[in-house]
Amino acid sequence: MGFLGIIFSLSTLVLLAILFSAYLISLVVYRLLFHPIRHIPGPRLATLTFWYEFYYNVIQRGQYVYKIKSLHDQYGPIVRINPDEVHFIDPDAYKLVYSGANKKRDKWVLFTRGFGIDNSLFSTNPHELHRGRRAALNSLFSKQQVRKMQPTIQERADAMLDRLKGFRDDGGVINLKYASAAFTCDVIMQYAFGNSKKKVNAEDFDPFFHEAISTGFNQAPMHNRLPYMLYAMQKMPKSWLLKLNSNMTSFAEAQKDIGMQVRRILEENASGKASTDRPHTIFDQIIQSKLPPSEKSFSRLAQEGGLVVGAATVGTAWAITVAVFYLVHQPETLKALKTELGASIPKVGEKLDLTVLEHLPYLSAVIQEALRVSIGASHRSQRICPDESVTYTEPDTGRQWHIPPGTPMSLSHILIFQDEKIFPDPLAFKPERWLDDPELDRYQVAFSKGTRNCIGMNLALAEMYLILAEIFRRYGSDRYSVSGDIGALELFETDVSDVTCVGDGGVPYITEGSQGVRFKIKKLGKQ
């Protein structure tokens, strides 16, 4: 390169540096002085850059939710937690943000893009588009349909009971985190796709599938800020991806199976020769809906299938795991539940009825408390009011804040569920709180609320009712059991730290180094 070429290259670099500096300065000025939410209080650094949140969520392993709590202590009930987003600490603001059908609420693309499923129901940002996509699936996940599908859930619950007997007989250690995930995965695969992989029957419950889904949630905050990293991973050959992370093998196989099923069903419907022998699937539901053809493409159906499997596996499984842990850990809680189950289901092994179980007050309270303590989806899920301002009134001072249209607004489930004003002694597992105060139901946000609440809520609750009733009608613990129990669950190298949320990873982060929630099952009396 000649002298003039060097000068030209240096001049180009200087010009680019000047332009970039000018861009940064203008961005700072805009966010400080001209941004629509410049009047909302918050730390200067969070106001200026998204990397502030990135540091706490990615580098500090999901700690931004607790930093947000300290910001509210400093600035009040409404805080600007990044350049564009407003966060509330007041639980009663939930209905304002996650409103019902009479208000439009969009999602925020800067949040949903981190999951890599842009065409799925979960990542559908515009309100109207989401309403159409959701309408196509509502009947499949209605309470009435879930009750009709009880035999599907029951068959997998029976398989789980068989595995528990096996662990009792051979004295092995069962990791309930993986066993529960195998159960919920089997149910949703059979329920939605008519094709369970019977992970409950796998020797180790296929832990890699669970870990791959959890890792996907954990990496979302990083992908939100570095979307090209996610794009590169999606374009990467599967063989390369599996070399980087062997845990993805099982998940990749599931995705491949879903893709093959989508293609087969699309071809059947295109030829007019849809099979009547196989079960009705989620893909049939979408294809036969009133959605336009553009909504029935291969890529969208495959993404919807992947979403359903991932979302229906981890959260419900963790709630079941937490419930079982505390029932074994707290003999007085287990005694109350077994007393109720014994009175309502006097004969062990008789066919259970979901409608009966749903009306058992203590079992229902155990489930509500398990959903609270397990947190569910721990991430903030922002809502945007696209067409009107939102007015928030501080409960203590009466001061009003006007939030302009297009502003992402959020609350954090972790902070609601750990709010001492609502749930005294919030880290304790106390089902009685739901019986003593029926008004607490308004703060049960494990499945979110409004038009975008979890579409699988009825299925998740049915799974919890059935599996918990089936287990604890048969088993006690090493600290409490009754006549007729066929075994006693005993915690193995597991304590409260193994079920305590310590950070927001999309799903709750647990203490690093935790080996899961492990049990041994002892024989009792004559078997």
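Think of each chain on its own: its residues are numbered from 1, step by step along the sequence as written. In keeping with the model being predicted, local features are shown solely for residues with a pLDDT of at least 70 and side-chain atom pairs are shown and tallied solely at 80 or more, while totals for entire chains, interfaces and linings include all residues. Side-chain measures here rest on the full set of heavy atoms in the structure, leaving out hydrogens and waters.

Enquirer: Help me out: how do you make sense of the sheet that holds strand 2 (residues 86-88) in this one?
Expert: Hydrogen bonds along the backbone pair up the strands of a sheet, which may run parallel or antiparallel. Only strands that DSSP links by at least two bridges are regarded as paired with each other. Numbered from the N terminus, helices here are DSSP runs of H or I no shorter than four residues, and strands are runs of E no shorter than two. Pairing in this open sheet of four strands is mixed, and the strands run 1-2-7-4 from one edge to the other. Two strands lie at the open edges of the sheet, namely strand 1 (78-80) and strand 4 (383-384), each paired on one side alone. Direction of pairing for strand 1 relative to strand 2: antiparallel, over a ladder of three bridges. The partner of arginine 80 across the bridge, within strand 2, is valine 86. It only takes one pair of heavy atoms within 4.5 Å for two residues to be counted as in contact. The convention used is that axes are lines fitted to C-alpha atoms, helices contributing only their stretch in contact, and that angles between N-to-C directions extend from 0 to 180 degrees. Here helix 4 (residues 64-75) sits on the sheet and contacts strand 1 and strand 2; the angle it forms with strand 1, its principal contact strand, is near 115°.

Enquirer: Hey, could you run me through the environment of glutamate 295 in this one?
Expert: Assignment of secondary structure puts glutamate 295 in the loop between helix 15 (282-287) and helix 16 (298-329). Once the C-alpha coordinates of glutamate 295 and leucine 129 are considered, the two residues, 166 residues apart in sequence, prove to be 9.9 Å apart. Residues within four places of glutamate 295 in sequence aside, it is in contact with Leu129, Arg133, Ile286 and Arg300.

Enquirer: In this structure, what is going on with the sheet that holds strand 9 (residues 487-491)? I would like to understand it.
Expert: Taken together, the four strands give an open sheet; going across it, the order is 3-12-9-8, and neighbouring strands pair in mixed fashion. A single partner strand is all that each edge strand has here, and the edge strands are strand 3 (174-175) and strand 8 (475-477). With respect to the sheet, helix 16 is in contact with strand 8, strand 9 and strand 12 (518-522), its orientation differing from that of strand 9 by roughly 100°.

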